[in-house]
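Reading the structure
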Amino acid sequence: MKVLFVAYYFDPFPGVGARRISYWARHLHAQYSQIRCDVITATDPAGMTFPTIDHVHHVPDSGKTTWAFQKRLQGYSWRRDLARFIRSRPAAYDACVMTGGPFMPFGVAPLIRRRYGCRILLDFRDPFANNPVHPMAGWKRSLLRRLEKRYIRNADAVIVVNRHCRELLCERRTPVYVIENGYDETVLEPLRARLPRGEELRLVYAGKLLAHRDAGPFLEVIQRPSFRGRVSFTHIGDPHPAVLAGQENTGTIHSAGPMEYAGALRRMQACDVGVIFTRGEPFESTSKIFDYLGLEKPVLIITGGEPQTGELHDITREYPAVSWCRNRPDEIALALETLRAARRPVEYPGREQHARRNGLAQLVDVLRECTEKATGSRAGS
């Protein structure tokens, strides 16, 4: 079987948007020798080599669009660059996996099907048109819903990261498969050695701090005199003004900035508790939760909704060291005191179910099912 992956973001892009598809492409042939793959990406490989991938084709995003409003649709300009490359390059594939976001390149799927004679699988990862945490004008929401319906109708299968994301799809007549995110076991496993603990409770958060991930109450609490010297916090990701201000005012808040995956895992491993900020929407399941579980770190989930709800609760239901609190200073302070008093090693035998190799195995099952359907339909025609 020959598979084509189409991804705007790919290694060495450091963001979470590249990790899932990069793992699939890098490990597909290594774990399933009968399957080979190519990649088309807008990300410059910057001298990286990919021994298990036949070809990684870098197609830069020119940024050119016809109308001004198209520039506001992320990835729209790459559609033209992608389509031009596909028309210029003859090839044959059994299946093509396109991942979002951005989602605009999904519009090139019919051309890929005609040109390469393959089945189309769309990996949505996050909700597209019906993302509750992304407010937008009514006209844009309506446009995206029409686009999403068209994209899905032109696909042979759709992949989402959880059942709540499946419910947010605008069109469900195409088969939908759930493949959750996970941690990269090839990077994480060597880092799992136990580290000595200090008196200070060291908390870490890896990811962006956005409007719907309000860290304000948490930062206010840990800067109180009662917590100074007893609690510290490290943020891994794009610098945030509130974190930078806290770093200047106290020695207990640290902004580590963006880090590549292995470096981020090492920083997480050096801390005691992994923090999650969530608005409380049922579909929210950030990929960092799997890194915390893989490292067997206690987890503190600070929610703007109801504790023990949604996909985050489904993922951590069996985890022995998860604490929830509402995004209120009094509840956060109580949670921190409880975590300090109950520090103990975590043993979680079920952590391996969250390794990315399991998601890759599910992807291979979906690929085989889709291509077998294609073979059967050709045989019957």
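Now for a quick tour of the structure. (Residues numbered from 1 in each chain as written. Predicted model: local features only at pLDDT ≥ 70, side-chain atom pairs only at ≥ 80, totals over all residues. Heavy atoms only, no water.)

The next thing to look at is the overall build of the chain. Helix and strand counts for the chain come out as 13 helices and 13 strands. What you see for the chain is a C-alpha radius of gyration of 22 Å, in line with the 21 Å of a compact globule of 381 residues. Based on the C-alpha atoms only, the size of the chain along its principal axes is roughly 70 × 45 × 40 Å. Among the 381 residues that make up the chain, the fraction classed as buried is 54%. (Helix = DSSP H or I, 4+ residues; strand = E, 2+ residues; numbered from the N terminus. Rg over C-alpha atoms; globule rule 2.2 N^0.38 Å. Buried < 20%, exposed > 50% of the residue type's maximum accessible area, 1.4 Å probe, protein only.)

Turning to the pairing of strand β2 (residues 36–41), a few remarks are in order. Taken across its 6 residues, β2 has 5 buried, putting it largely inside the fold. For the crossover from strand β1 (residues 2–7) across helix α1 (residues 19–31) to β2, the handedness is right-handed. In terms of strand pairing, β2 meets strand β3 (residues 55–58) through 4 bridges, oriented parallel. Residue pairing in the sheet places T41 in a bridge with H58 of β3. (Right-handed = clockwise from strand over helix to strand, strands pointing away. Pairing = 2+ DSSP bridges.)

On to the pairing of strand β9 (residues 231–236), then. In terms of residue burial, β9 counts as a mostly covered element, since 6 of its 6 residues are buried. Residues V231, F233 and H235 line one face of β9 and the alternating positions S232, T234 and I236 line the opposite face, and both faces are buried. Here 6 bridges tie strand β8 (residues 201–206) to β9, and the two strands are oriented parallel to one another. Among the inter-strand pairings, A206 is bridged to a residue of β9, identified as I236. Crossover handedness for the path β8 to helix α7 (residues 216–222) to β9: right-handed. Here β9 runs beside strand β10 (residues 253–257); their pairing, made up of 4 bridges, is parallel.

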